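Residue-level structure breakdown
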Amino acid sequence: MTLQQHDPPHPGALIRRTYIEPFAEITANKVADQLGVARSTFSRLLNGVAGVSPEPAVRLSRVLGGSAESWLTLQESCDLRKARQSVDTKALTPIDYSEVA
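This is a predicted model, so every value here is computed, not measured.

On to the side chain of Gln-75, then. On the secondary structure map, Gln-75 appears in helix α5 (residues 68-86). Relative accessible area serves as the criterion here: at 6%, Gln-75 is assigned to the buried category. Those residues within four positions of Gln-75 in sequence are excluded, and the remaining contacts are His-10, Pro-11, Gly-51 and Val-52.

With that settled, consider helix α4 (residues 54-64). Listing the buried residues of α4 in full gives Ala-57, Leu-60 and Leu-64. Seen end-on, α4 carries its buried residues on one side only, within an arc spanning 65°. Facing away from the buried side of α4 by over 90 degrees, the exposed positions are Pro-54, Glu-55, Val-58 and Arg-62. Its buried side turned inward, α4 meets α1 (11-20), α2 (28-35), α3 (39-46) and α5. Immediately beyond the C-terminal end of α4, within one or two residues, lies Gly-65, with a positive phi of roughly 105°.

Moving on, we get to the packing of α1 against α5. Each pair of packed helices can be summarised by the angle the axes make with each other and by the distance between the axes. Interhelical geometry of α1 versus α5 gives an angle of 125° and a closest axis separation of 9 Å. By the angle between their directions, the pair α1 and α5 is classed as oblique. Every residue of α5 that contacts α1 at Pro-11, Leu-14, Ile-15 and Tyr-19 is listed here: Trp-71, Leu-74 and Gln-75.

One pass over the full model with this rule turns up three salt bridges. With its nearest N and O atoms 2.7 Å apart, the salt bridge here joins Asp-33 to Arg-39. For Asp-33, a relative accessible area of 43% gives the class partly exposed. Between Glu-55 and Arg-59 there is a salt bridge, with its nearest N and O atoms 3.1 Å apart. Of the two residues, Glu-55 and Arg-59 both sit in helix α4, four residues apart, roughly one turn of that helix. With relative accessibility at 53%, the residue Glu-55 sits in the exposed group.

What counts as what
- Residues numbered from 1 in each chain as written.
- Predicted model: local features only at pLDDT ≥ 70, side-chain atom pairs only at ≥ 80, totals over all residues.
- Heavy atoms only, no water.
- Helix = DSSP H or I, 4+ residues; strand = E, 2+ residues; numbered from the N terminus.
- Buried < 20%, exposed > 50% of the residue type's maximum accessible area, 1.4 Å probe, protein only.
- Contact = heavy atoms within 4.5 Å.
- Arc of directions from axis to C-beta.
- Axes fitted to C-alpha atoms, helices over the stretch in contact; angles between N-to-C directions.
- Parallel < 35°, antiparallel > 145°, perpendicular 65-115°, else oblique.
- Salt bridge = Lys/Arg side-chain N within 4 Å of Asp/Glu carboxyl O.

Take a look at the structure:
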């Protein structure tokens, strides 16, 4: 049996789908205000233009839940997926340490 891997979501997409869209009374502006960040800053996160760094991860943890580490891991997974899609490694060869004296 093989496991099918899915592209990890950008944290902003997860926030929008999980913490904003299901609730009529919760808006992006309200979440931005609760986080203590500029609405434009939060909008960039929601739209995938900006990512989660340590300070926002701590804020997200406090306001939305989860750990700061989980927010950073989600961002890292998204970044790694993008890097795997864009970095050309065809010309790279592994070092054979068995041949090193």
